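Residues per chain are reported as follows:
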Amino acid sequence: MLNREFDRKEKIVMLLIAILLLGFFYFWMVKEPVAHRIAASDTTDLENQIQVEQQKNSRIKQMEQEMNQNETASTAVVATYDNFKQESTELNRIFAEAVSYSFSFEKPVASGETVRRNIEISFTAADYTSARRMIDALHNDPYRCLIHDVSLAAIDHNSSDTDAVANLQNSQVSGSLTVTFYETLHDAATREGLEYDKSTDQNTKGPGLAGADFSNLQRSDLETAAESFAASH
């Protein structure tokens, strides 16, 4: 048997070969499997987020379609200005079941005999069913109104739990929307507090309600940004 001591050059070569083998072992047995697991985890999170967004969009579209179907059955009336107190009472009644809510009122704006009153609403509901019930009630309000800029989002109370994905089925819901109430100056006892479109002369007497153009008023017209989350109810 050949038995001799390796010289310095051979020892260096063998050391380099050992280092390369260790490097290949680390790459194929450690780094690559870990990288694949991380990539798989990232993909799962992304797929969950996409699913949540799709559910949200589907829910809001379903709400829009159902309200559009009920549009022709509307019996809402265009109240005489100033109907602010009655409209506020209705809003507080509708959103009484919310966990919390707030209203932001804009000044009413007159255009001819028609008055528009925009109210921005933010609320937190116990779940999607509750949020849907309140929006339906607003849609069926006895006073003529248009609902738009609707946004619903699941509130994630489990942000530290990577396995839990907040959605409209298992979470509270944060919502916002704008409702525009329409009133008429026909037979109005006051015009106090009104703002006027630049093209409107506040002293001009219009033809009354019969001359007011409400052709573009669609109470059920819900506009969403994506916005926007649960399986069908």
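These numbers come from a predicted model, not from an experiment. (Residues numbered from 1 in each chain as written. Predicted model: local features only at pLDDT ≥ 70, side-chain atom pairs only at ≥ 80, totals over all residues. Heavy atoms only, no water.)

## Thoughts on the nonpolar core
Part 1: If you look at the biggest cluster of nonpolar residues, it comprises 25 residues, and the most contacted ones within it are I121, F123, L138, L177 and V179.
Part 2: Those elements that provide at least two residues to this core are α2 (84-94), β4 (114-125), α3 (128-139), β5 (145-154) and β6 (173-184).
Part 3: Ignoring sequence-local partners within four residues, the contact set of L177 consists of I119, E120, I121, F123, I135, L138, I147, H148, D149 and V150.
Part 4: Listed in part, the 5 residues of the second largest apolar core include Y81, A110, L185 and L194. (Core = buried A, V, L, I, M, F, W, Y, C linked by side-chain atoms within 4.5 Å. Buried < 20%, exposed > 50% of the residue type's maximum accessible area, 1.4 Å probe, protein only. Helix = DSSP H or I, 4+ residues; strand = E, 2+ residues; numbered from the N terminus. Contact = heavy atoms within 4.5 Å.)

## Brief notes about the side chain of R117
Part 1: One can find R117 in strand β4.
Part 2: Its relative accessible area of 4% is what places R117 among the buried residues.
Part 3: At a separation of 3.2 Å, a polar atom in the side chain of R117 contacts the side chain of E87.
Part 4: Among the polar contacts listed, one links the side chain of R117 to the side chain of E183, at a separation of 3.1 Å.
Part 5: Apart from the residues within four sequence positions on either side, R117 is in contact with Y81, D82, N83, F84, E87, E106, P108, V179, T180, F181 and E183. (Polar contact = N/O pair within 3.5 Å; in protein donor to acceptor, adjacent residues only side chain to side chain.)

## Thoughts on the pattern of salt bridges
Part 1: For the structure on display, the rule yields 8 salt bridges.
Part 2: Note that R117 and D82 form a salt bridge whose closest N and O atoms lie 2.7 Å from each other. Here D82 lies in the loop between β1 (79-80) and α2 and R117 lies in strand β4, a separation of 35 residues in the sequence.
Part 3: Judged by relative accessible area, which is 40%, D82 ranks as partly exposed.
Part 4: Between E97 and R133 there is a salt bridge, with its nearest N and O atoms 2.9 Å apart. Taken together, the residues E97 in the loop between α2 and β2 (100-105) and R133 in helix α3 connect sequence positions 36 residues apart.
Part 5: Its relative accessible area of 43% is what places R133 among the partly exposed residues. (Salt bridge = Lys/Arg side-chain N within 4 Å of Asp/Glu carboxyl O.)

## Remarks on a nonpolar patch on the surface
Part 1: On the surface, a cluster of nonpolar side chains totalling about 950 Å² of accessible area is made up of L20, F24, F25, Y26, F27, W28, M29, V30 and V34.
Part 2: Structurally, M29 is set in helix α1 (residues 8-69). (Patch = residues over 30% accessible without salt bridge, like charges linked within 9 Å, V, L, I, M, F, W, Y side chains within 5 Å. Areas by Shrake-Rupley, 256 points an atom, 1.4 Å probe, with all protein chains shown as cover.)

## Focus: the pairing of β4
Part 1: Here β2 pairs with β4 via 6 bridges, running antiparallel. Bridge pairing in β4 places F105 opposite I119.
Part 2: Alignment of strand β3 (residues 109-111) against β4, held across 3 bridges, turns out to be antiparallel. The residue of β4 that forms the bridge with S111 is T114.
Part 3: Connecting β3 to the next strand, β4, in antiparallel fashion are 2 residues, including G112 with a positive phi near 65°. (Pairing = 2+ DSSP bridges.)

## With respect to the environment of F84
Part 1: Mapped onto the secondary structure, F84 falls in helix α2.
Part 2: Using a relative accessible area of 31% as the deciding quantity, one classes F84 as partly exposed.
Part 3: Residues F84 and E183 lie 99 residues apart in sequence; the distance between their C-alpha atoms is 9.5 Å.
Part 4: Filtering out sequence-adjacent residues up to four positions away, F84 remains in contact with F105, R117 and E183.

## Re unusual backbone geometry
Part 1: Following Y81, the chain continues to D82 via a peptide bond in cis, the omega torsion being 15°.
Part 2: Of note in this structure, D149 is not a glycine but carries a positive phi near 55°.
Part 3: For D149, the position within the fold is in strand β5.
Part 4: Under the relative-accessibility criterion, D149 is labelled partly exposed at 42%.
Part 5: In the Ramachandran plot, D187 falls in the positive-phi region, its phi being about 65° despite a non-glycine side chain.
Part 6: In this fold, D187 is placed in the loop between β6 and β7 (195-196).

Limitation: the analysis is restricted to geometry and does not speak to function.
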